[in-house]
Amino acid sequence: MISGKIEAALNRQIDLEGFSSMYYLCMASWCEVKGYNGIAQFLYNHSDEERMHMLKLFRYINDRGGHAIVPGLESPPKDFQSIQEIFEIVHSHEVKVSNEINALVELCMQEKDYTTHNFLQWYVTEQIEEESLARNILDKLKLIGEDKGGMYLFDRDLGTMAAPGAGSAHGKK
Ligand code: OFO
């Protein structure tokens, strides 16, 4: 059984993962409208993954005698300046998510809830992957700069990475 404090904290995390899913969906839509179909697919997959992160929390809270709550929908920004801006936002958003996960882990230690602490290790590992993926993409975008040909290839590469069965972070479904 989880405590009310842990249940509330996990429900806040549900909210954040749900928001992440919507945020990446907004980015995917913007990219698709601008003709970046590969990047859009990558972000659609990323959005699906965030929903999966949210659902994992639902199951856990309910299995442990709590009540997982569907978050209210806060509409994320729908307009972006550039692909660079999008991935800067992705990176800083993932850093924020990592900080929240770390705070949750810390709370579990304080509350001596070792079961939830154990459950959260999956998220700790996932955040390492998510942050490093966003950082790698940002590095590539820095190299590309204003080069249109480079951006064309980048879009194609992310599309390949996101293709079903590609096995990469956001290719997996
Ligand atoms: Fe759920 O990992 Fe990104 O936000």
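Refer to the structure presented above.
Keep in mind the model is a prediction, meaning the values are calculated, not measured. (Residues numbered from 1 in each chain as written. Predicted model: local features only at pLDDT ≥ 70, side-chain atom pairs only at ≥ 80, totals over all residues. Heavy atoms only, no water.)

The next subject is helix α5 (residues 148-162). In this model, α5 (15 residues) spans 21 Å end to end at C-alpha, consistent with the 21 Å of a helix rising 1.5 Å per residue. Here α5 has its buried residues at G150, M151, F154, D155, L158 and A162. On an axial view of α5, the arc spanned by its buried residues comes to 140 degrees, and they lie on one face. Across α5 from its buried face, at more than 90 degrees, point the exposed residues Y152 and T160. In this fold, the buried residues of α5 make contact with α2 (37-63), α3 (83-110) and α4 (114-144). (Helix = DSSP H or I, 4+ residues; strand = E, 2+ residues; numbered from the N terminus. Expected span 1.5 Å × (residues − 1). Buried < 20%, exposed > 50% of the residue type's maximum accessible area, 1.4 Å probe, protein only. Arc of directions from axis to C-beta. Contact = heavy atoms within 4.5 Å.)

A word on the packing of aromatic side chains. What describes a pair of aromatic rings is the distance from one ring centre to the other and the angle between the planes of the rings. Tallied over the full model, the rule gives 7 aromatic pairs. Ring centres of F87 and F154 lie 6.3 Å apart, and the angle between their planes is 90 degrees; this geometry places the pair in the edge-to-face category. On the criterion of sequence distance, the pair formed by F87 in helix α3 and F154 in helix α5 is long-range, its members being 67 residues apart. You'll find F87 and F154 in the same group, each marked buried. Look at W122 and Y123: their rings are 4.9 Å apart centre to centre, the planes differ by 80 degrees, and that puts the pair in the edge-to-face class. Relative accessible area serves as the criterion here: at 1%, Y123 is assigned to the buried category. (Phe/Tyr/Trp six-rings, centres within 6.5 Å; stacked < 30°, edge-to-face > 60°.)

Right, let's get into the environment of K140. Looking at where K140 falls in the secondary structure, it is placed in helix α4. Taking the C-alpha atoms as reference points, K140 and I89, separated by 51 residues in sequence, lie 15 Å from one another.

Moving on to the packing of helix α1 (residues 4-33) against α3. One can describe the packing of α1 onto α3 by two numbers: an axis separation of 11 Å at closest approach and a directional angle of 170 degrees. The angle between α1 and α3 places the two elements in the roughly antiparallel class. In the contact of α1 with α3, the residues fall into 19 nonpolar, 3 polar and 5 charged. (Axes fitted to C-alpha atoms, helices over the stretch in contact; angles between N-to-C directions. Parallel < 35°, antiparallel > 145°, perpendicular 65-115°, else oblique. Nonpolar A, V, L, I, M, F, W, Y, C, P; charged D, E, K, R; others polar.)

Moving on, we come to the nonpolar core. Ranked by size, the top nonpolar core spans 28 residues in total, and within it M27, L43, I83, I86, F87 and F154 carry the most contacts. Those elements giving two or more residues to this core turn out to be α1, α2, α3, α4 and α5. If one sorts the elements of this core by residue count, α1 sits on top with 8 residues. For L43, the residues in contact, after removing those within four places along its chain, are Y24, M27, A28, C31, I86, F87 and V90. Formed by 21 residues, the second largest nonpolar core is a distinct cluster that contains F58, L104, L107 and L120. (Core = buried A, V, L, I, M, F, W, Y, C linked by side-chain atoms within 4.5 Å.)

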